[in-house]
Amino acid sequence: MTTMPLGVKTTAHSAAAAARATDLSKVYGEGETQVIALDSVSVEFRQAEFTAIMGPSGSGKSTLMHCMAGLDTISSGSARIGDVELTTLKDKKLTQLRRDKIGFIFQAFNLLPTLNALENITLPMDIAGRKADQAWLDQVVATVGLAGRLKHRPNQLSGGQQQRVAVARALAGQPEIIFADEPTGNLDSRSGAEVLGFLRNSVRELGQTIVMVTHDPVAASYSDRVVFLADGRIVDELRNPTADSVLDRMKRFDAKGRTS
Ligand SMILES: Nc1ncnc2c1ncn2[C@@H]1O[C@H](COP(=O)(O)OP(=O)(O)OP(=O)(O)O)[C@@H](O)[C@H]1O
Ligand SMILES: [Mg+2]
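Residues numbered from 1 in each chain as written. Chains lettered and ligands numbered in written order. Predicted model: local features only at pLDDT ≥ 70, side-chain atom pairs only at ≥ 80, totals over all residues. Heavy atoms only, no water.

As recorded in an unreviewed UniProt entry, the chain goes by the name ABC transporter ATP-binding protein, listed as coming from Streptomyces rhizosphaericus. According to the UniProt record, the Sequence similarities (unreviewed entry) comment for the chain reads "Belongs to the ABC transporter superfamily." (UniProt positions renumbered as here; feature names shortened; annotations may be inferred.)

The structure is reproduced here in structure tokens:
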């Protein structure tokens, strides 16, 4: 099926950026209850790169993902997917862009209760009128360990299994960018490691772009780059992280927090 063009085709100059925030601010509420969830954040997520976002609870990680994925409006600044400025899009185009270019794994899984696991996995493609690449779909399903559960509805699955359905749903359509909010938060360490390894391979071998929020230094070590948020600002960045180097950096923030 053909869709309306959503923007200028990627140019050589910006080919590397799958998504980019520039001076992005997000303010909730006003007056006494005002919360500055994101305070002039500028960050770029390159194509075929696996980025982890870390930071304390309430630091703005989910807000950044929602704003970049066009699921929430921004207060000021710019949010782009490829060359498309999200703030200029009307609802219909934004919905189309989300559907065609973005995969999202939420903190809550957002599965449809009336559909079985397989139907949930292929739902975004079914809505878009696209056919799943069967070999890829089989590989995704096998990796997340759901082959025996495809006919089950979400309420017949464990929390971890539901999370794996949500992971498979995001990967199935091979979107331009996947935003994942703690995708392994509910998984035991072995299933978590399998899902993380699979996410990393989809980046290395297929050029998938992934941005993943996590609290876990081990999960972060699967990424190419860790971006640290605190109080709605980017405070640090680490390339080629190991669990130890991430932990070390987190400790340094804690120490700063105590002395200031
Ligand atoms: N809809 C909302 N209305 C008002 N304030 C909000 C809303 N959503 C988030 N906030 C506030 O914005 C800040 C950032 O929240 P956010 O959910 O992005 O944090 P987070 O880093 O994802 O935290 P966690 O690790 O606990 O998931 C918090 O102070 C939160 O209370
Ligand atoms: Mg969050």
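With respect to the helices and strands, the residue K131 is situated in the loop between helix 3 (117-128) and helix 4 (134-143). You can call K131 exposed: its relative accessible area is 75%. Between the alpha carbons of K131 and A117 there is a distance of 17 Å; along the sequence they are 14 residues apart. (Helix = DSSP H or I, 4+ residues; strand = E, 2+ residues; numbered from the N terminus. Buried < 20%, exposed > 50% of the residue type's maximum accessible area, 1.4 Å probe, protein only.)

Bringing the sheet that holds strand 2 (residues 35-46) into the picture now. Reading across the sheet, the four strands line up as 2-1-4-5 and stay open at both edges, with antiparallel pairing between neighbours. The open sheet has two edge strands with one neighbour each: strand 2 and strand 5 (84-85). Both strand 1 (residues 17-28) and strand 2 contribute to a ladder of eight bridges, which runs antiparallel. Opposite V27, over in strand 2, you have I36 as the bridge partner. Packing against the sheet, helix 1 (residues 61-68) makes contact with strand 1, strand 2 and strand 4 (76-81), and its axis sits at approximately 120° to strand 1. (Pairing = 2+ DSSP bridges. Contact = heavy atoms within 4.5 Å. Axes fitted to C-alpha atoms, helices over the stretch in contact; angles between N-to-C directions.)

We now examine the nonpolar core. Counting residues in hydrophobic clusters, the biggest one holds 42 residues, and the most contacted among them are I121, M212 and V226. Among the elements that take part in this core, helix 5 (residues 159-172) stands out by supplying seven residues, more than any other. Formed by 30 residues, the second largest nonpolar core is a distinct cluster that contains M68, A69, L97 and F104. (Core = buried A, V, L, I, M, F, W, Y, C linked by side-chain atoms within 4.5 Å.)

Below, the discussion takes up helix 6 (residues 189-206). Taking 1.5 Å of rise per residue, 18 residues should cover 26 Å, and helix 6 covers 25 Å from first to last C-alpha, within 8% of that figure. S191, G192, V195, L196, G197, F198, L199, S202 and V203 are the residues of helix 6 that are buried. Those residues of helix 6 that are buried are in contact with strand 3 (50-54), helix 4, helix 5, strand 8 (209-213) and helix 7 (217-220). Sitting at the amino-terminal end of helix 6 is D188, which places a side-chain oxygen 3.1 Å from the backbone nitrogen of R190. Just past helix 6, the residue G207 takes up positive phi, approximately 75°. (Expected span 1.5 Å × (residues − 1). Polar contact = N/O pair within 3.5 Å; in protein donor to acceptor, adjacent residues only side chain to side chain.)

Put simply, the largest pocket is a space of about 600 Å³. Surrounding the largest pocket, 25 residues form its lining, R98, R99, I102, F104 and P124 being those nearest its centre. Taken together, the elements giving at least two residues each to the lining of the largest pocket come down to helix 2 (91-101), strand 6 (102-105), helix 3 and helix 5. Residue composition of the lining of the largest pocket, by class: 14 nonpolar, five polar and six charged. (1 Å grid on protein atoms, 1.4 Å probe; cavity = no way out; pocket = protein on both sides within 12 Å on 5 of 7 lines; lining within 4 Å. Points joined across faces, edges and corners; volume = space filled by probe spheres on them. Nonpolar A, V, L, I, M, F, W, Y, C, P; charged D, E, K, R; others polar.)

We now examine the site of ligand 1. Around ligand 1, the surrounding shell holds 13 residues, and the nearest of these are S57, G58, K61, S62 and T63. A distance of 2.6 Å is found between an oxygen atom of ligand 1 and a side-chain nitrogen or oxygen belonging to S57. Separating an oxygen atom of ligand 1 from a side-chain N or O atom of T63 is a distance of 2.5 Å. Here ligand 1, which alone exposes 640 Å², has 61% of that area covered by the protein. Looking at the shell around ligand 1, the elements with two or more residues in it are strand 2 and helix 1. The leading source of residues in the shell around ligand 1 is helix 1, at three residues. (Near = heavy atom within 4 Å. Areas by Shrake-Rupley, 256 points an atom, 1.4 Å probe, with all protein chains shown as cover.)

For the rest of this paragraph, the subject is the packing of helix 5 against helix 6. Each pair of packed helices gets described by two things: the angle between the helix axes and the distance between those axes. Direction vectors running N to C along helix 5 and helix 6 enclose 5°, while the axes themselves pass 12 Å from each other. Between helix 5 and helix 6, the angle falls in the class roughly parallel. From helix 5, R164, V167 and L171 reach across to helix 6, where they touch S191, V195, F198, L199 and S202. (Parallel < 35°, antiparallel > 145°, perpendicular 65-115°, else oblique.)

Right, let's talk about the pairing of strand 9 (residues 225-230) for a bit. The buried fraction of strand 9 amounts to five of the six residues, a majority that puts the element mostly inside the structure. One ladder, built from four bridges, connects strand 3 with strand 9; its direction is parallel. Within strand 9, the residue paired with M54 across the bridge is F228. Between strand 9 and strand 10 (residues 233-239), which pair antiparallel in sequence order, lie two residues; one of them, D231, sits at a positive phi of approximately 50°.

This part is about the packing of aromatic side chains. For the structure on display, the rule yields three aromatic pairs. Ring centres of F104 and F179 lie 6.2 Å apart, and the angle between their planes is 35°; this geometry places the pair in the tilted category. Placement of F104 in strand 6 and of F179 in strand 7 (residues 177-181) is noted, with a sequence separation of 75 residues between them. You can call F104 buried: its relative accessible area is 10%. Its relative accessible area of 0% is what places F179 among the buried residues. Between W136 and F198, the ring centres sit 5.8 Å apart and the planes meet at 20°, which makes this aromatic pair stacked. Of this pair, W136 sits in helix 4 while F198 sits in helix 6, placing them 62 residues apart in sequence. Each member of the pair, W136 as well as F198, carries the same accessibility label: buried. (Phe/Tyr/Trp six-rings, centres within 6.5 Å; stacked < 30°, edge-to-face > 60°.)

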